[in-house]
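# Structural overview for review
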Amino acid sequence: MPQVENTLFKIDLSLLHAKSPVFRIVVPPVYGGRTRYTGFDDEHPFVLHETSAADFERLLWVLLPLSDLSKQPATIEAWLSILKLATRFQMDDVRDLAAAKLNSMAIDPVRKITIWEEYHLDPKMAVSSYVALCQRVEPLTLSMTMALGLKNFTRLAAARDIYHYTLGCLRCRRKITSKERQSLAQDAVNSAFLVPPITKSQS
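Residues numbered from 1 in each chain as written. Predicted model: local features only at pLDDT ≥ 70, side-chain atom pairs only at ≥ 80, totals over all residues. Heavy atoms only, no water.

### Examining unusual backbone geometry
A negative phi angle characterises most non-glycine residues, just as the trans form characterises most peptide bonds. In this structure, glutamine 90 takes a positive phi of about 60° despite not being glycine. Mapped onto the fold, glutamine 90 is located in the loop between helix H4 (76-88) and helix H5 (92-103). Taking the relative accessible area as the measure of exposure, glutamine 90 reaches 45% and is therefore partly exposed. Phi is positive for histidine 120, which is not a glycine, with a value near 55°. Structurally, histidine 120 can be placed in the loop between helix H6 (109-118) and helix H7 (127-134). (Helix = DSSP H or I, 4+ residues; strand = E, 2+ residues; numbered from the N terminus. Buried < 20%, exposed > 50% of the residue type's maximum accessible area, 1.4 Å probe, protein only.)

### So, the nonpolar core
Of all hydrophobic cores here, the largest spans 57 residues; its most connected members are Phe56, Leu59, Met91 and Leu102. Looking at this core element by element, the count peaks at seven residues for H4. Two domains share this core, each providing at least three of its residues, namely domain 1 (1-105) and domain 2 (108-195). Ignoring sequence-local partners within four residues, the contact set of leucine 59 consists of Ile82, Leu85, Phe89, Met91 and Val94. (Core = buried A, V, L, I, M, F, W, Y, C linked by side-chain atoms within 4.5 Å. Domains from an automatic or database assignment. Contact = heavy atoms within 4.5 Å.)

### A word on the sheet that holds strand S1 (residues 2-4)
The mixed open sheet is built from three strands, whose spatial order is S2-S1-S5. Whereas interior strands pair on both sides, the edge strands pair on one side only; in this sheet they are strand S2 (7-8) and strand S5 (46-48). Here S1 pairs with S5 via three bridges, running parallel. The partner of proline 2 across the bridge, within S5, is phenylalanine 46. (Pairing = 2+ DSSP bridges.)

### As for the confidence of the model for the chain
Summing up the model confidence of the chain, the mean pLDDT is 83 and the portion of residues at 70 or higher is 82%. The low-confidence segment residues 198-203, where pLDDT is below 50, has three contacts with residues more than four positions distant or belonging to other chains. (pLDDT = per-residue confidence, 0-100.)

### Some points on the packing of aromatic side chains
Applying the stated rule across the entire model yields three aromatic pairs. Measuring from ring centre to ring centre gives 4.3 Å for tyrosine 130 and phenylalanine 193, while their planes differ by 45°; the resulting arrangement is tilted. Of this pair, tyrosine 130 sits in helix H7 while phenylalanine 193 is found in helix H10 (residues 178-193), placing the two residues 63 residues apart along the sequence. A relative accessible area of 6% places tyrosine 130 in the buried class. One cation-aromatic arrangement involves lysine 112 over tryptophan 116; the distance from NZ or CZ to the ring centre is 5.2 Å. (Phe/Tyr/Trp six-rings, centres within 6.5 Å; stacked < 30°, edge-to-face > 60°. Lys NZ or Arg CZ within 6 Å of the ring centre and 35° of its normal.)

### Focus: H5
Counted at 1.5 Å a residue, the expected span for H5 with its twelve residues is 16 Å, and the 16 Å between its end C-alpha atoms agrees. Here the buried face of H5 lies against helix H3 (53-63), H4 and H6. (Expected span 1.5 Å × (residues − 1).)

### Some thoughts on the environment of isoleucine 162
Positionally, isoleucine 162 belongs in helix H9 (residues 150-171). Residue classification places isoleucine 162 among the partly exposed residues on the basis of a relative accessible area of 35%. Taking the C-alpha atoms as reference points, isoleucine 162 and cysteine 134, separated by 28 residues in sequence, lie 9.3 Å from one another. Discounting chain neighbours no more than four positions away, the residues touching isoleucine 162 are Ala188 and Ser191.

### Digging into the packing of H7 against H10
One can describe the packing of H7 onto H10 by two numbers: an axis separation of 9 Å at closest approach and a directional angle of 115°. Between H7 and H10, the interaxial angle falls into the category roughly perpendicular. Of the two elements, H7 crosses H10, and the hand of that crossing is right-handed. On H10, the residues that touch Val127, Tyr130, Val131 and Cys134 of H7 are Gln182, Ala185, Gln186, Ala188, Val189 and Phe193. Here the residues of the contact of H7 with H10 are counted per class, giving eight nonpolar, two polar and no charged. (Axes fitted to C-alpha atoms, helices over the stretch in contact; angles between N-to-C directions. Parallel < 35°, antiparallel > 145°, perpendicular 65-115°, else oblique. Left-handed = near helix turned anticlockwise from the far one by under 90°. Nonpolar A, V, L, I, M, F, W, Y, C, P; charged D, E, K, R; others polar.)

What follows is the structure, given as structure tokens:
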């Protein structure tokens, strides 16, 4: 049983072994040919360091789903903490779930891009954030630039140039709809970031 800060979580350690190769290494069920008792009862808990009890409880929401939906993670911060621990403990399926949940939430585009960069998530999920920034009327601020990093900022600046140039040319000839603006921004981002076009089988 793991102890996190001052809280003892009465869960079977085999659940963590099944989900995480890290736990199988740190607290193996067999040690030196003998059964290892640390982490398997109340008197000999496995102490989990550098983790908050609140974050670990959120992880358990995923590992041990509850019927009470009011106790399920519902905020960006909750899913971020789950993503953080899932990454640390190499729980790939939990990482994928957390990424999907975060991708469905309304996150500021710059913040979403930094999250995707930090945790090396599927970059295709962050394309919509670049498209939103591409259509931003105001210039990008210094804080945005620093958060995005030089590589991403350079590509985004190129995408914005392509978008505004194309938009300006079309605006001279006719009115542009919001759907067309979205499509132009998508094409500009794809061009600047060298994103392959989405085929019908992928959509």
